[in-house]
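# Inside the fold
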Amino acid sequence: MSRYFVSKYAALTPYTPGEQPRGRQYVKLNTNESPFPPSEGVIRAVEAEGHRLNLYSDPECFVLRGRLAARYGVEPDMVMLTNGSDDILNFAFMAFSDEQSPLFFPDITYGFYPVFASLNHIPYTEIPLTDDFSIDPADYAGVNGTVVIANPNAPTGKLLPLDVIEAIVRSNPDHVVIVDEAYIDFGGQSAVSLVPRYDNLLVTQTFSKSRSMAGARLGFCIGQASLIADLNTLRYSTNPYNVNLMTAAAGVAALEDDDYYMGNCRVIMDNRAWTTSALEALGFTVLPSKANFVFAKSDRIGGEELYLRLKEKGVLVRHFKLDRIKEYNRITIGTRAQMECLVDTVKEILKEAAV
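Described below are features of the structure shown in this document. (Residues numbered from 1 in each chain as written. Predicted model: local features only at pLDDT ≥ 70, side-chain atom pairs only at ≥ 80, totals over all residues. Heavy atoms only, no water.)

## Examining the overall build of the protein chain
Quick reminder of the rule: Strands are runs of DSSP state E lasting at least 2 residues, helices are runs of H or I lasting at least 4, and numbering of each runs from the N terminus. Values of the radius of gyration come from C-alpha atoms, whereas the globule rule sets the reference at 2.2 Å times the count of residues to the power 0.38. Categorising residues by exposure relies on relative accessible area from a 1.4 Å probe, with only protein chains included: less than 20% of the type maximum marks a residue as buried, more than 50% marks it as exposed, and the intermediate range marks it as partly exposed. Only heavy atoms matter for contacts: two residues are in contact if any of them lie within 4.5 Å across the pair. Note on areas: Shrake-Rupley, 1.4 Å probe, and residue coverage restricted to the protein chains presented here.
Across its full length, the protein chain holds 10 helices and 13 strands. Here the C-alpha radius of gyration of the protein chain, 21 Å, is about what a compact globule of 355 residues would show, namely 20 Å. Each principal axis of the C-alpha distribution contributes one length, and for the protein chain these read about 60 × 50 × 50 Å. Out of the 355 residues belonging to the protein chain, those deemed buried represent 54%. Sequence-distant contacts in the protein chain: of pairs separated by 6 or more residues, those separated by 24 or more amount to 74%. Summed over all atoms, the accessible surface of the protein chain reaches about 15900 Å², with 52% contributed by carbon and sulfur.

Structure, rendered in structure tokens:
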């Protein structure tokens, strides 16, 4: 840290992204990317925009916003696009939280929540998950602040049903409830259907996971027009051209090729079920997941040791050092061939550990 770094950020602990290895080729199951390439329509749309890069992108994302509104059955002024859904979370924390409206979120969840809270000097409370890593909705009923829930949760993969989400929204009428649905397309029911009935609900989603666009950086949120206007005040005060020409075109094409992407989601869900069964047959505990990953541990080998041994053998998974989950690893669901490689490698490691 240089002597010029201002003191108000001195205690900030930044978010740690998943490893992006260089050099060696890995079976990469650590950052919840899709194993499938973008559709041909998306590739063509990106190529077609190359000659227009001398121009600014549309700050309103008019075409894409209209397509998303039609896709989710809302009005265009209820949708905002950003450079990944992390942008939305940051704007939402800034817009709807302060000392009078602190943040509430689980103690085990997406690691960017405490970072954004600290960055914006917002007090927050981490509410412990239950012993089986579930969210107890009663813990969020009528709290005096902004509620943030990843649904399905990360890294556990557990899902709250829609009626439970609605109960949490209904019990906090004077504060915004943010539902982060980065993984909703892998078996969950979106809370977007609740938005017309509640002016305090903001739902965020991303094209990174289910639509194979992690590298394009495209996120969106849906809420009532008044909430979206608040967020746009901050967006236009920061970077109104935050979605570039090629990404916006790719988003439109991805929506047009929805059958391709939803078909990929079904394949991933099938591979998730196969992987869960295969790991359980090896004695693993695997939490029930509705995301494109599973959270698993073995009583035969420690979590960090398994992570390191897998990495040595060319398979990357994600390990977290928090005490409550340090024996677990988060494993992205890839192709069947990738998952078979993972399981075969785990068998090899367990055999070596038993010698």
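## What about helix 6 (residues 225–236)?
This is how it is decided: Given the number of residues in a helix, its expected span is that number minus one, multiplied by 1.5 Å. Arc, as used here, means the arc of the directions from the helix axis to the C-beta atoms.
Over its 12 residues, helix 6 extends 16 Å from the first C-alpha to the last, a length consistent with the 16 Å expected when each residue adds 1.5 Å. The set of residues buried in helix 6 consists of L227, I228, L231, N232, L234 and R235. Looking straight down helix 6, one finds its buried side chains confined to an arc of 160°; they lie on one side. Its buried side turned inward, helix 6 meets strand 2 (79–82), helix 3 (85–96), strand 7 (201–206) and strand 8 (219–223).

## Focus on the pairing of strand 7
The line we're drawing: The pairing criterion for strands is at least two bridges between them, as found by DSSP.
Counting buried residues along strand 7, six of its six residues qualify, which places the element largely inside the surrounding structure. Neither face of strand 7 is open: one carries L201, V203 and Q205, the other L202, T204 and T206, and all of them are buried. Pairing geometry for strand 6 (residues 177–180) and strand 7, over four bridges, is parallel. Within strand 7, the residue paired with I178 across the bridge is L202. Two elements, strand 7 and strand 8, share five bridges in a ladder whose sense is antiparallel. Residue L202 lies in a different strand from strand 8, and its bridge partner there is G223.

## Details of the sheet that holds strand 9 (residues 285–286)
Strand order in the open sheet made by the four strands is 9-10-13-12, with antiparallel pairing throughout. Strands at the two margins of the open sheet, each flanked by one partner only, are strand 9 and strand 12 (318–319). The pairing of strand 12 with strand 13 (residues 328–332) spans two bridges and is antiparallel. When the bridges of strand 13 are listed, H319 appears paired with N329.

## Focus on unusual backbone geometry
Residue P152 is reached from N151 by a cis peptide bond, and omega for that bond is 0°. Here the bond from A154 into P155 is cis, since omega is 10°, no more than 30 degrees from zero. The topology assignment puts P155 in the loop between strand 5 (146–150) and helix 5 (162–170). Positive phi values are uncommon outside glycine, yet F133 reaches one of about 70°. Looking at the element boundaries, F133 is found in the loop between strand 4 (124–127) and strand 5. Judged by relative accessible area, F133 falls into the buried class, the value being 7%. Phi is positive for S212, which is not a glycine, with a value near 55°. Mapped onto the fold, S212 is located in the loop between strand 7 and strand 8.

## Describing the packing of aromatic side chains
Quick note on the threshold: We call Phe, Tyr and Trp rings a pair once their centres come within 6.5 Å, taking the six-membered ring for Trp, and we label the pair stacked below 30 degrees between planes, edge-to-face above 60, and tilted otherwise.
Summed over all chains, the structure comprises 17 aromatic pairs. Summarising the aromatic geometry, the rings of F105 and Y124 are spaced 5.3 Å apart at their centres and angled 20° between planes, so their arrangement reads as stacked. One end of the pair, F105, is in strand 3 (residues 103–106); the other, Y124, is in strand 4, and 19 residues separate them in sequence. The exposure class of F105 is buried, given its relative accessible area of 0%. For Y124, a relative accessible area of 33% translates into the label partly exposed. When the ring of F112 is compared with that of F116, the centres are 4.2 Å apart and the planes differ by 5°; the resulting orientation is stacked. With F112 and F116 both in helix 4 (residues 112–119), this residue pair falls four residues apart, about one helical turn.

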